[in-house]
Amino acid sequence: MKLGIVGLPNVGKSTLFNALTNAGAEAASYPFSTITPNVGVVQVPDERLKWLSELYNTEKTTYATIEFVDIAGLTKGSSRGEGLGNKFLSYIRQTDALVHVVRCFDDDQLFAGEPADPGRDVEILDLELVLADLEIVQRRVEKAKKSAKGDKKFLREQDFFERLLKHLEGGVPARFFHIEEQEREFLSDGGILSVKPVLYAANIDERSAADPETNASYVALREIARRECAQVMPICARMEQDIIGLDEEERSFFMEDLGIKETGLSRIIRCSYELLGYISFLTAGRPEVRAWTITKGTKAPRAAGKIHSDLERGFIRAEVVAYDDLYACGNMAAAREKGLVRREGKDYIMQDGDVVLFLFNV
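Right, let's walk through the structure included here. (Residues numbered from 1 in each chain as written. Predicted model: local features only at pLDDT ≥ 70, side-chain atom pairs only at ≥ 80, totals over all residues. Heavy atoms only, no water.)

**With respect to the packing of helix H1 (residues 13-21) against helix H8 (residues 237-244)**
Following both chains from N to C, one finds H1 and H8 inclined at 25°, their axes separated by 8 Å at the closest point. Judged by the inter-axis angle, H1 sits roughly parallel to H8. Along this stretch, H1 crosses H8, giving a crossing that reads as left-handed. The segment H1 lies against H8, with Thr15, Leu16, Asn18 and Ala19 engaging Ala237, Arg238, Glu240, Gln241 and Ile244. Class assignment of the residues belonging to the contact of H1 with H8 gives a composition of 4 nonpolar, 3 polar and 2 charged. (Axes fitted to C-alpha atoms, helices over the stretch in contact; angles between N-to-C directions. Helix = DSSP H or I, 4+ residues; strand = E, 2+ residues; numbered from the N terminus. Parallel < 35°, antiparallel > 145°, perpendicular 65-115°, else oblique. Left-handed = near helix turned anticlockwise from the far one by under 90°. Contact = heavy atoms within 4.5 Å. Nonpolar A, V, L, I, M, F, W, Y, C, P; charged D, E, K, R; others polar.)

Right, here's the structure in full:
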């Protein structure tokens, strides 16, 4: 999973990136301090792997990972190449989803007394993505038209991009455009920016960290997210950066004192998994305990192929036990005795937390 951290200049993107990855990215108070995007790969926290590793006394534990890309601030005119806009937009094309950091704090020094306005900031970034997409979709329409003259199968593609073009001309991002399942192939190259799912990160000040409801800008952004059926999470990037620098014991005490139940990293990962429809299944044994990320609805053979293509081709069945059942029983033998280890065939749809052994023909 690759998440792009985007937003207007000086809203706290690099500070949040540092908090998420502990990478020490430059967090300067001037536009375009992140001309080349910072990239950080972090492990997905998963207590299930810790317990399984202890159970099997495993030699290796492999967590799922997320890649965060800190993309420089977008401004009006980015779609026309202003402010190195074209380069920044190209970085967005390489991501699976966007974490849009929205300013929900006031800073007279940084913003010359201009108050936070989440609606304005969301509109600016959305519009720049739409304008960039318009140019791409216009070219896709022309290409499909030419291809349809020689092969009628391209008429469906032409119709799709003509409808999408009309939608974008209304200034509305492509993520609000209805796409049939069979039409998704037309967007598989990732070239359309505004179709990417968005998670809003409301960067609030320290005063409202314990009770975000007291922050009027956050409440306004939450209403925007509600209308879009999007997710929004309040986060104080500066405080998160302080938290990440503490050892585990100090961190727990600090968070408890502030009334914070989980770190921003945990919340963003959880929300991102929900946003993209991801779940994790687990494999466990003496050599390795590992989490594998798949999309909801994946059937057992396809999940096996995530490990190795031979497992998918030669799939026989899967022996599956829910992690919660295994944990309650204490070990696999006890789970078998209680009939909680199931034999599942090719039509089984994997569930989050399945601990699985795939059987296959070589």
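**Some words on unusual backbone geometry**
In most cases, non-glycine residues show a negative phi, while peptide bonds are predominantly trans. In this structure, Asn57 takes a positive phi of about 50° despite not being glycine. Mapped onto the elements, Asn57 comes out in the loop between helix H2 (47-56) and strand E3 (61-62). We classify Asn57 as exposed; its relative accessible area is 53%. (Buried < 20%, exposed > 50% of the residue type's maximum accessible area, 1.4 Å probe, protein only.)

**Digging into the packing of H8 against helix H9 (residues 248-258)**
To describe two helices that pack against each other, one gives the angle between their axes and the distance between the axes. Axis separation between H8 and H9 bottoms out at 9 Å; the angle between their running directions is 150°. The angle between H8 and H9 places the two elements in the roughly antiparallel class. Across the interface between the two elements, Met239, Ile243 and Ile244 from H8 touch Arg251, Phe254, Met255 and Leu258 from H9.

**Details of the sheet that holds strand E1 (residues 2-6)**
Working definition: the strands of a sheet are paired by backbone hydrogen bonds and lie parallel or antiparallel to each other. One open sheet holds the 6 strands; their spatial order is E2-E4-E1-E5-E6-E7, and the pairing between them is mixed. Edge positions in the sheet fall to strand E2 (38-43) and strand E7 (231-235), since each of these pairs with one other strand and no more. Taken over all neighbouring pairs, the strand axes of this sheet differ in orientation by 25° on average, direction set aside. Inspection of the sheet shows E2 paired to strand E4 (residues 65-70) by 6 bridges, in the antiparallel sense. For Val41, the partnering residue across the bridge sits in E4 and is Glu67. Each of E1, strand E5 (97-104) and strand E6 (198-204) is contacted by helix H5 (residues 118-150), which is oriented at about 145° to E5, the strand it contacts most. Contacts from helix H10 (residues 264-276) reach E1, E2, E4, E5, E6 and E7, with the element oriented near 175° to E7. (Pairing = 2+ DSSP bridges.)

**A few points about the environment of Asn18**
Looking at the secondary structure, you find Asn18 in helix H1. Distance from Asn18 to Ser194, taken between C-alpha atoms, is 26 Å for residues 176 residues apart in sequence.

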